[in-house]
Amino acid sequence: QHKLERLQAADKQHFIHPFTDSKGLAVKGTRVIERAEGVYLWDVMGHKLLDGMAGLWCVNVGYGRQSIVDAVSKQMQKLPFYNSFFQCSHPPAIELAQKIASLAPAHMNNVFFTGSGSESNDTNLRMVRRYWDLKGKPSKKTIISRVNAYHGSTVAGASLGGMSGMHEQGDLPIPGVVHIAQPYWYAEGKDLSPEEFGLKTAQALEAKIIELGEDNVAAFIAEPFQGAGGVIIPPSTYWPEIKRILAKYDILFILDEVISGFGRTGKWFAAEYFDLQPDLITIAKGMTSGYVPMGGVIVSDKVAEVIKQDCGEFTHGFTYSGHPVAAAAALENIRIIEQEKLVERVANDTSPYLQSRLQQLAEHPLVGEVRGVGLVAAIELVKDKSLRQRFDANVGVGTYCRDACITHGLVMRSVGDTMIISPPLTISHAEIDELVAKATQALNDTYQHVKN
Ligand code: PLP
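Residues numbered from 1 in each chain as written. Predicted model: local features only at pLDDT ≥ 70, side-chain atom pairs only at ≥ 80, totals over all residues. Heavy atoms only, no water.

Undergrad: A description of the nonpolar core should follow, citing residues and the corresponding values.
TA: Ranked by internal contacts, the top residues of the largest apolar core, which has 69 residues, are Leu96, Ile100, Leu205, Phe220, Trp239, Phe262 and Met287. Considering every element that reaches this core, the biggest residue donor is helix α14 (residues 324-339), with 9 residues. Ignoring sequence-local partners within four residues, the contact set of Leu96 consists of Phe113, Met287, Met294, Ala327, Ala330, Leu331 and Ile334. (Core = buried A, V, L, I, M, F, W, Y, C linked by side-chain atoms within 4.5 Å. Buried < 20%, exposed > 50% of the residue type's maximum accessible area, 1.4 Å probe, protein only. Helix = DSSP H or I, 4+ residues; strand = E, 2+ residues; numbered from the N terminus. Contact = heavy atoms within 4.5 Å.)

Encoded structure:
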């Protein structure tokens, strides 16, 4: 207890946390996580928690992987740092670029490395504009994104994202980024069927391209399913219609796979899962399973040719682009995913099991919908199932449920009243059973709370 109090006091005094209401935190006290193994976390008081979020959707291979520690340590001894600027390179980054090219869709054979998902989306913004400059179409600058998208926290990342709470802080978005409707049928579909709504929201892209003029649009950016927005999986009609529109107009397609990449959907990339042909894929998180920070952009041959052949110097990069230690961690992480056949295991085993177990929660009086893909899922908490009617925001039902999960030893995230699950890809059937049992207890507690 003494240790926790000491840490909480120092935290309160010195630590400004990302995405945190510091005043609220000061009342509750920080939850201090000290160690982890497999799918479990332990806080400083020794409480064990099942991590239903894989950290922040990133610890794909689970915690405590000694072979990643060894790979990192060996690389640190050999070459702890060198840059990839000015014609320099080093073996881990070269091998990683080659490896990722072998896993990515066939038409994508190059990687630009960064330190995070946000930096990767900044890179995308500059790369697509540079591409069109070099193609002799400098007016093609605007990027179309979607409301309630999450593409990171840098100025470009937060601008590309469609979170109003983020735009309000810092005068965003920057010029040249516009947002269209999201395919969130459960919240916004009203009387339309999911299929009708999917088609309608996809057609907003065509309307926006026509409104802006094709000659002014550089790219469309989207997550295959929105993660931070609430695990929003587009209706089945959405992606085919987007594909039709993208094929009709000459604009680039950026697929943000920071969450979905590296096995989350039961494919290496969700591009394959949803049958999409992006020009650029944003990656981070599962690339190293979060053991060391790293991100990147997988670049299609069409774009890479222009950037590599015609550009002269592409005046963009980060000190840590292709960091050798991060690259070593990524290579070992990918080796584990391959060796343990985690992608296949998600597709054929753990995804069907998790999704069918979670569907049983749809019977709960508080649950309006359970949806998911691969090893990611959302549970919508509602006041009235048949009307898809939510609780008033001030009831804070999602936050209450999240805290109840913690009480029962489970980490779930709440996005408003949507509960989110995204466990490590290594999760076993027994651990899935435990997750569902704990979630059920938390739902029961929450139901008692809102009834009273
Ligand atoms: N894009 C998506 C889809 C994300 O979910 C995230 C982070 O959650 C990012 C980009 C930003 O990545 P980072 O936090 O590594 O900058």
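Undergrad: Describe the sheet that holds strand β9 (residues 280-283), with residues and values.
TA: Sheet strands pair via backbone hydrogen bonds, and the direction of the pair is either parallel or antiparallel. Strands sit in the order β4-β10-β9-β8-β7-β5-β6 across an open sheet of 7 strands; the sheet is mixed. Of all the strands in the sheet, the pair left with one neighbour each is β4 (108-114) and β6 (177-180). Adjacent strand axes in the sheet meet at a mean angle of 25°, parallel and antiparallel pairs treated alike. As paired strands, strand β8 (residues 252-256) and β9 are joined by 3 bridges and run parallel to one another. Within β9, the residue paired with Leu255 across the bridge is Ile281. Sheet strands touched by helix α5 (residues 91-103): β4, β9 and β10 (295-300). Its angle to β4, the strand with the most contacts, is close to 135°. Running at roughly 100° to β10, helix α13 (residues 301-310) makes contact with β4, β8, β9 and β10 of the sheet. (Pairing = 2+ DSSP bridges. Axes fitted to C-alpha atoms, helices over the stretch in contact; angles between N-to-C directions.)

Undergrad: Go over the state of the cysteines, please, and point to the residues and values.
TA: The final tally for this structure, using the stated rule, is 0 disulfides. No disulfide involves Cys311; its sulfur sits 18 Å from that of Cys88, the nearest cysteine. Left without a disulfide partner, Cys401 is nearest to the cysteine sulfur of Cys405, which lies 4.5 Å away. Note on Cys401: relative accessible area 1%, which makes it buried. (Disulfide = S-S within 2.5 Å.)

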